[in-house]
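Take a look at the letters that make up each chain.
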Amino acid sequence: MHTSLDEFDYIYYTYGLELYKDTPLIEPLEYREDKKIRDFVIVIDTSGSVQGDMVQLFLQKTWNILKQQEAFDKQFNLHLIQCDSQIKHDEVITNQRELDIYLSKLTLKGFGGTDFRPAFDYVDELIQDNVFHQLKGMLYFTDGLGIYPKRVPSYLTAFVFINYESAYYAKIPPWALQIVVEKEDLEIL
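Conventions adopted
Residues numbered from 1 in each chain as written. Predicted model: local features only at pLDDT ≥ 70, side-chain atom pairs only at ≥ 80, totals over all residues. Heavy atoms only, no water. Buried < 20%, exposed > 50% of the residue type's maximum accessible area, 1.4 Å probe, protein only. Helix = DSSP H or I, 4+ residues; strand = E, 2+ residues; numbered from the N terminus. Pairing = 2+ DSSP bridges. Right-handed = clockwise from strand over helix to strand, strands pointing away. Salt bridge = Lys/Arg side-chain N within 4 Å of Asp/Glu carboxyl O. Lys, Arg positive; Asp, Glu negative; His and termini not counted. Polar contact = N/O pair within 3.5 Å; in protein donor to acceptor, adjacent residues only side chain to side chain. Contact = heavy atoms within 4.5 Å. Patch = residues over 30% accessible without salt bridge, like charges linked within 9 Å, V, L, I, M, F, W, Y side chains within 5 Å. Areas by Shrake-Rupley, 256 points an atom, 1.4 Å probe, with all protein chains shown as cover. Core = buried A, V, L, I, M, F, W, Y, C linked by side-chain atoms within 4.5 Å. Arc of directions from axis to C-beta.

> How should I be thinking about the pairing of strand E7 (residues 156-161) in this particular structure?
One face of the sheet, then the other: side chains in a regular strand alternate in exactly this way. Within E7, five of the six residues are buried, leaving the element largely enclosed by the surrounding structure. As defined by bridge partners, strand E6 (residues 135-142) adjoins E7 across six bridges and the pair is classed as parallel. For threonine 142, the partnering residue across the bridge sits in E7 and is phenylalanine 161. For E7 and strand E8 (residues 177-180), the ladder comprises four bridges, and the chain directions are parallel. Each residue of the ladder has a partner; that of phenylalanine 161, found in E8, is valine 180. Taken together, E7, helix H5 (residues 164-169) and E8 constitute a β-α-β crossover, and its handedness is right-handed.

Put into structure tokens, the structure is as follows:
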């Protein structure tokens, strides 16, 4: 429970204006609901067309954005999954230090064809095994050319494309979000 400085009770506000003319009484609520991410997945398409420096830049900028907005809880469960046509590696990150170490030693594995379904099946298995308790979503960093799953997952999914051309040719399912980033955009962030 935390005090919410963004909200106040309008009854006290109007009572203060009525009683003291120009002085509203504002009393913060005694609580606020924290919507922090505890479970999250980032999947990296490690097919031949996704480059290492672009992946590292994407991961670093994504983490910086989430950290600035204080989106993650103090203890979190972030899975960084590398997948081409099959799962190649799953790194579990629980704090900033682990992520820094992972990014400094990042080695991509795979470079085969692209099939998105194994990553979704793998995450579904993790959910069934209670590895995730409240999975908020999945970011899938990709060139977009591959086999997409037909069924809707139980978590939000966004496909992040490495450029506008790959997003144009991708046939993403209607239930997924589409985000396009160019290398120049990531460098500016």
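The rest of the description comes next.
> What am I meant to see in the pattern of salt bridges here?
Pairs can form between side chains of opposite charge once their charged atoms are near each other. Counted according to the given criterion, the structure contains three salt bridges. Between arginine 117 and aspartate 115 there is a salt bridge, with its nearest N and O atoms 2.8 Å apart. A relative accessible area of 11% places aspartate 115 in the buried class. Among the salt bridges present, the one from arginine 151 reaches aspartate 121, with a minimum N-O distance of 3.0 Å.

> Can you walk me through the side chain of aspartate 84 in this structure?
Considering the arrangement of structural elements, one finds aspartate 84 in the loop between strand E4 (72-83) and strand E5 (87-93). The buried charged residue aspartate 84 lacks any salt bridge partner; its closest oppositely charged side chain belongs to lysine 88, at an N-O distance of 4.1 Å. Of note is the side chain of aspartate 84, whose polar atom sits 3.1 Å from the backbone nitrogen of glutamine 86. The contacts of aspartate 84, once residues within four sequence positions are left out, are Asp45, Thr46, Ser47, Gly110, Phe111, Gly112, Gly113, Thr114 and Asp115.

> I'm lost on the side chain of aspartate 115 in this one. Help?
Take aspartate 115: it is sitting in the loop between helix H3 (96-104) and helix H4 (117-128). A distance of 2.8 Å separates polar atoms of two side chains, one belonging to aspartate 115 and the other to arginine 117. With near-sequence residues (within four places) excluded, aspartate 115 lies in contact with Cys83, Asp84, Ser85, Tyr140 and Ile147.

> Teacher, can you tell me more about a nonpolar patch on the surface here?
A contiguous nonpolar surface patch, about 490 Å² in accessible area, is contributed by Tyr12, Tyr15, Leu19, Tyr20 and Leu25. Here tyrosine 15 lies in helix H1 (residues 10-20). Relative accessible area serves as the criterion here: at 45%, tyrosine 15 is assigned to the partly exposed category.

> In this structure, what is going on with the nonpolar core? I would like to understand it.
One broad rule of soluble globular proteins: the nonpolar side chains tend to lie buried together. Judged by nonpolar contacts, the single largest core of 24 residues is most densely connected at Ile42, Ile44, Phe58, Leu59, Leu80 and Phe141. It is helix H2 (residues 52-68) that provides the largest number of residues to this core, a total of five residues. The next biggest cluster of nonpolar side chains, apart from the first, holds 20 residues, and it includes Ala119, Leu126, Met138 and Phe161.

> Would you mind showing me how to read H3 here?
Three- or four-residue spacings in an α-helix give side chains the same orientation, since the helix completes a turn every 3.6 residues. Along H3, the residues classified as buried are Leu99, Tyr102 and Leu103. Burial along H3 is one-sided: seen end-on, the buried residues are contained in an arc of 95°. Looking at H3, the residues exposed on the side facing more than 90 degrees away from the buried face are Arg97 and Ser104. Residue asparagine 95 occupies the N-cap position of H3, its side-chain oxygen lying 3.1 Å from the main-chain nitrogen of arginine 97.

> I keep staring at unusual backbone geometry and nothing clicks. Help me out?
Where the residue is not glycine, phi is negative for most of them; where a peptide bond is considered, it is trans in most cases. Even without a glycine there, the phi angle at asparagine 130 is positive, about 60°. Structurally, asparagine 130 is set in the loop between H4 and E6.

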